[in-house]
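Each chain, written out:
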Amino acid sequence: MRRNEPVAGVKWLLHWTREFFGENDYPRYVAEWQARHSIRSAEPGHRLLTAREFFNERLRIRYGGGVNRCC
Amino acid sequence: MTTTSVRHNPVSWVIWILVAGAGALGFATIAGVRGEGAQVNAVWMIVAGLCTYAVAYRFYSRWIATRVFGLDDSRATPAEAIDNRRDFVPTNRWVLLGHHFAAIAGAGPLVGPVLAAQFGYLPGTLWIIVGVVFAGAVQDFVVLFCSARRNGKSLGQMAKDEISPFAGWIALFSVLLIMALILAVLALVVVSALAESPWGITTILLTLPIAIIMGVWMKVWRPGKVLEASIFGCAMLIVAVFVGQWVATHPTLGPAMTLQANTLVFMMMIYGFVASVLPVWVLLCPRDYLSTFMKIGVISLLAVATVMLAPYIKMPAVNAAYAWKGLGPVVPGTLFPFVFITIACGAVSGFHSLVSSGTTPKMVSRESEMRLIGYGGMLMESFVALMAMVAAATLDPGVYFAMNTKLPLDQIAAGAASMGNLAFAVTPDQMKTLAAAVGEKTLIGRVGGAPTLAVGMAQILANSPLGGGLMAIWYHFAIMFEALFILTTIDTGTRVGRFMVQDLGGHFWKPLGRTSWYPSVLATSALIVAMWGYLLYMGTNDPNGGVKALWALFGIANQMLAAVALATATTILIKMGKARYAWVTAMPMAWLVITTFSAAVQRIFHPDPRIGFLALANATQTKIASGAVKPDDLARMQTVVFNNRFDAAIGLLLVFVVALIVIESVRQWYLLLSGRKQAHLAEEPRVPSRLATAGAIAGGSE
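Residues numbered from 1 in each chain as written. Chains lettered and ligands numbered in written order. Predicted model: local features only at pLDDT ≥ 70, side-chain atom pairs only at ≥ 80, totals over all residues. Heavy atoms only, no water.

## Details of the overall build of chain A
Assigned secondary structure in chain A consists of 3 helices and 0 strands. Counting from the amino terminus, chain A carries its helices and strands in the arrangement α-α-α. Counting across all 71 residues of chain A, residues that qualify as buried make up 31%. Approximately 4,800 Å² of chain A is accessible, and the part contributed by carbon and sulfur atoms is 60%. (Helix = DSSP H or I, 4+ residues; strand = E, 2+ residues; numbered from the N terminus. Buried < 20%, exposed > 50% of the residue type's maximum accessible area, 1.4 Å probe, protein only. Areas by Shrake-Rupley, 256 points an atom, 1.4 Å probe, with all protein chains shown as cover.)

Structure (structure tokens):
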């Protein structure tokens, strides 16, 4: 048990580092999407976004308009 | 942990009493230790700050959340109610705190405290800590709350809905003006830091290809792999610092990379324009990531190094001649109101209200989380300002004034009239040794705040057990860190300014409002660059140290915007039937109105030409008329006259528009409280939260 503790700590740290950098967002989106729809029965306009499309979408939200950077 | 559990939990009470006691001891030490030979350790500044933040977050913000706002987790936030997987996305609170902090954390809190250190370390430190608790963090929290209850509406829209359409329009125009001022003053700080510094310029220029490679990495090669690209970027930045050192000492490249201030001004303008019209993934996004992670990392490193090194504060607690008589050579004017204007972002920043009513309210998943993000995020920003004050206050005062004024060293050491008769020991050898240690030709007259902060940071970092004594490397690392940060504001800020101009222009001619129509993109980008570029050029060529005038205008404008945000919030609280708690926002609003209006009136009308714009313009005009100006200086003197009249006009315009909004707000409060008008709150109807009933936490595991 004790031997596993550092491994758990590193995993926890890695998880949160990836979380902070937003790298868990796409897998989470895929999981949520799959839970809601079946990939095969995806309707037009509701298809699963690719990683690149998802990243573009995030860029649009963050920089597409409005104030996103302060002084 | 609930309020009830704390009330009955003696262990919690003991812990909080200890935290409060440590904070009180910190304040007593930094404020109370006086006398010959008495020295204060900088660690006490950190203790006072952190303990105050902890107590304020735990008690004051909780009281605001429960009593004043009545945050309700059973009510769906816009992110949950709309959840369109586009703009409205329920997001984990820690991730959102990171996003929000990245958006509010700019270079302002790094520079303001350094300039305000002139008054002594104590006034600025107290304003940073007390100001954030009662004004800055309250503003960010309350605007986030108000916006989230209105489906993420912007500040201008809320002012229009809750005060009057007229107030909303004025808010829109004043925000654009403030944006131009902010961009100009921050660009001026970079120009002052990089002028005639081949090492700094090389390092900063190298950040451009690094950012572009990161952009291609995240967008094309490995979509979304921000972590990998950021690790690569950080490693390359460190390499860039060493390449800069090599170039600076190179016989051919060194002189070629030594650029004059005016050349840098035009380079900055071209950069701002290009960054505004390029796709965001090329420059903006990677720079944003790099600078945010750098800021968090560097400030944490500085805090750890300060605690390990435990340096003593060398700046006096209060420089009386500057504080009470206004004779300071760095920031003209007395402590009141100018310390509250010079330190804007670390204590309260109106610009945060635009972020708090931007993307953040559309992503918060539960109402209670707004306390962590709004109030907590601003406390983090205040800590950055506190660390900047530590870096400035631990420098030798003589070195500080030699760097931040253009006065001869003998005048500083002798306490000449130009130094307000205060003497601070400094010798040419001392400055030469220091310049050689950091790899610069000279550090004398390196005004603007950024070089001072870099020397202060380098001294702490290099002398701590973490630093390895590499003073020059740490200095240029700090310069790169500051410039990188400010350039991020310049590129994103120019783009945001472009959106604002397009938004306004769209009301007059529809195609101008189309954000992706290229003729509009080019025209509006050129317009916003011209706006801040002119102010930057003006500041760079001001013989009286342009940063003095522009920083004051920026501080006044930024704090006035905060007053507008707090006036809107007070109106909303009164309409919510919470008039008895309206002081929470009305009190900081009143303070900001008093300080900004006093500062603006003094800067415009003060009879002393060192302080008043019009006095300096008139004195210069008289000098020209008397024929005392050499023919070579005539054009420059005429520019001084024009620039100071221009600054006075901007100051007057700001006072006028903000006075209109505040008067209109107070009129509304009177009508509402006297029952002459019925309160109509433009709040969205309550929708029950599914997340609360399911006990789910959106956006990932805890």
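So much for the structure itself; the text now carries on.
## Some points on the nonpolar core
Residue and element names in this part refer to chain B. Among the nonpolar cores identified, the biggest contains 242 residues, and F351 and W532 are the most heavily contacted of them. No other element matches the 21 residues that helix α9 (residues 165-194) contributes to this core. Beyond its immediate stretch of four places on either side in the chain, W532 contacts A180, L183, A184, A187, M268, M269, G272, I490 and T494. Within the second largest apolar cluster, 5 residues are counted, among which are A617, I624, M637 and V641. (Core = buried A, V, L, I, M, F, W, Y, C linked by side-chain atoms within 4.5 Å. Contact = heavy atoms within 4.5 Å.)

## A few points about empty space enclosed by the protein
All names here are of chain B. Across all of its chains, the model carries 1 cavity of 30 Å³ or more by this definition. In this structure, the largest cavity occupies an estimated 30 Å³ of space. At the level of secondary structure, the elements contributing two or more residues to the lining of the largest cavity comprise α7 (121-148), α8 (155-162) and α25 (546-575). If one sorts the elements of the lining of the largest cavity by residue count, α25 sits on top with 4 residues. Within the lining of the largest cavity, the residues separate by chemical class into 8 nonpolar, 1 polar and no charged. (1 Å grid on protein atoms, 1.4 Å probe; cavity = no way out; pocket = protein on both sides within 12 Å on 5 of 7 lines; lining within 4 Å. Points joined across faces, edges and corners; volume = space filled by probe spheres on them. Nonpolar A, V, L, I, M, F, W, Y, C, P; charged D, E, K, R; others polar.)

## Here's the deal with a nonpolar patch on the surface
Residue and element names in this part refer to chain B. A surface patch of nonpolar side chains, about 430 Å² in accessible area, is lined by L126, V130, F134, W583 and M587. Elements with a minimum of two residues in the nonpolar patch: α7 and α26 (583-605). At 3 residues, α7 tops the list of elements feeding residues into the nonpolar patch. Mapped onto the fold, V130 is located in helix α7. (Patch = residues over 30% accessible without salt bridge, like charges linked within 9 Å, V, L, I, M, F, W, Y side chains within 5 Å. Salt bridge = Lys/Arg side-chain N within 4 Å of Asp/Glu carboxyl O.)

## Let's talk about the packing of helix α13 (residues 261-277) of chain B against helix α23 (residues 471-508) of chain B
When two helices pack together, their arrangement is given by the angle between the helix axes and the distance between those axes. Residue and element names in this part refer to chain B. The interhelical angle for the contact between α13 and α23, taken along N-to-C directions, is 55°, at an axis separation of 8 Å. Between α13 and α23, the angle is such that the two are oblique. Pair α13 / α23 crosses with right-handed handedness. For the pair α13 and α23, the contacting residues are M268, Y271, G272, A275, S276 and V277 in the first and L487, I490, D491, T494, R495 and R498 in the second. (Axes fitted to C-alpha atoms, helices over the stretch in contact; angles between N-to-C directions. Parallel < 35°, antiparallel > 145°, perpendicular 65-115°, else oblique. Left-handed = near helix turned anticlockwise from the far one by under 90°.)

## Description of the confidence of the model for chain B
Residue and element names in this part refer to chain B. Scored by pLDDT, chain B comes out at a mean of 89, with 96% of its residues at no less than 70. For residues 695-702, every residue scores under 50 in pLDDT, and the model assigns this stretch 23 contacts once sequence neighbours within four places are set aside. For this predicted complex, the interface confidence comes out at an ipTM of 0.80, alongside a pTM of 0.89. (pLDDT = per-residue confidence, 0-100.)

## A word on the state of the cysteines
Evaluation of the coordinates by the stated rule reveals 0 disulfides over all chains. B:C285 supplies the cysteine sulfur nearest to B:C234, a cysteine that is in no disulfide, at a spacing of 14 Å. (Disulfide = S-S within 2.5 Å.)

## Comments concerning the pattern of salt bridges
Considering all chains together, one arrives at 22 salt bridges over all chains under this definition. For B:E367, the salt bridge is made with B:R75, and the minimal N-O distance between the two is 3.9 Å. With B:E367 in the loop between α17 (350-356) and α18 (369-393) and B:R75 in the loop between α3 (43-69) and α4 (78-82), this residue pair connects regions lying 292 residues apart in the sequence. Of the two residues, B:E367 and B:R75, neither departs from the other in class, the shared state being buried. Its salt-bridge partner being B:E683, residue B:R149 comes within 3.6 Å of it at the nearest N-O pair. One end of the pair, B:R149, is in the loop between α7 and α8; the other, B:E683, is in the loop between α28 (634-673) and α29 (690-694), and 534 residues separate them in sequence. Exposure remark for B:R149: the relative accessible area of 7% places this residue in the buried category. B:E683 sits in the partly exposed class, given a relative accessible area of 21%. Salt bridges here are not isolated pairs; linked through shared partners, they connect A:E19, A:D25, A:R28 and A:R58.

## Things to note about the interface of chain B and chain A
On the side of chain A, 30 residues touch chain B, which itself brings 61 residues to the contact. Of the roughly 3,900 Å² buried where chain B meets chain A, counting both sides, 61% is carbon and sulfur surface. Across the chain B-chain A interface, the total number found is 0 salt bridges. Taken together, the connections running from chain B to chain A amount to 5 residue pairs in polar contact (both at pLDDT 80 or more). Of the residues in the side of chain B that touches chain A, the class split is 32 nonpolar, 19 polar and 10 charged. (Buried area = accessible area lost by both parts, 1.4 Å probe. Polar contact = N/O pair within 3.5 Å; in protein donor to acceptor, adjacent residues only side chain to side chain.)

## As for the packing of helix α2 (residues 25-36) of chain A against helix α3 (residues 51-63) of chain A
Residues and elements named next belong to chain A. Interhelical geometry of α2 versus α3 gives an angle of 110° and a closest axis separation of 10 Å. The orientation of α2 relative to α3 falls into the category roughly perpendicular. The hand of the α2/α3 crossing is right-handed. Together, D25, Y26 and Y29 of α2 and A51, F54 and R58 of α3 make up the contact between the two elements.

## Observations regarding unusual backbone geometry
Residues and elements named next belong to chain B. Omega for the bond connecting F336 with P337 falls within 30 degrees of zero, at 10°, which places this linkage in the cis form. Mapping P337 onto the fold places it in helix α16 (residues 335-342). Notably, E196 is not glycine yet its phi reads approximately 55°, a positive angle. Relative to the helices and strands, E196 is located in the loop between α9 and α10 (198-221). With a relative accessible area of 39%, E196 lands in the partly exposed category. With a phi angle near 45°, A310 is a residue other than glycine that sits in the positive phi range.

## Structural notes on the packing of aromatic side chains
All names here are of chain B. In this structure the tally under the stated criterion is 30 aromatic pairs over all chains. Where W13 meets F59, the ring centres are 6.3 Å apart and the plane angle is 25°; that geometry is what we call stacked. Placement of W13 in helix α2 (residues 10-32) and of F59 in helix α3 is noted, with a sequence separation of 46 residues between them. For W13, a relative accessible area of 36% gives the class partly exposed. (Phe/Tyr/Trp six-rings, centres within 6.5 Å; stacked < 30°, edge-to-face > 60°.)

## Observations regarding the side chain of B:Q118
Residue and element names in this part refer to chain B. Within the element layout of this structure, Q118 appears in the loop between α6 (108-116) and α7. Residue Q118 is classed as buried on the basis of its relative accessible area of 0%. A polar contact is formed between the side chain of Q118 and the backbone nitrogen of V330, at a distance of 2.7 Å. Q118 has contacts with N319, Y322, G328, P329, V330, V331, Y400 and F401, leaving out every residue within four places of it along the chain.

## Some details on the side chain of B:E367
Residues and elements named next belong to chain B. A relative accessible area of 3% places E367 in the buried class. Side-chain polar atoms of E367 contact the backbone nitrogen of D72, separated by 2.7 Å. Setting aside residues no more than four positions away along its own chain, E367 makes contact with G70, L71, D72, D73, R75, T77 and R149.

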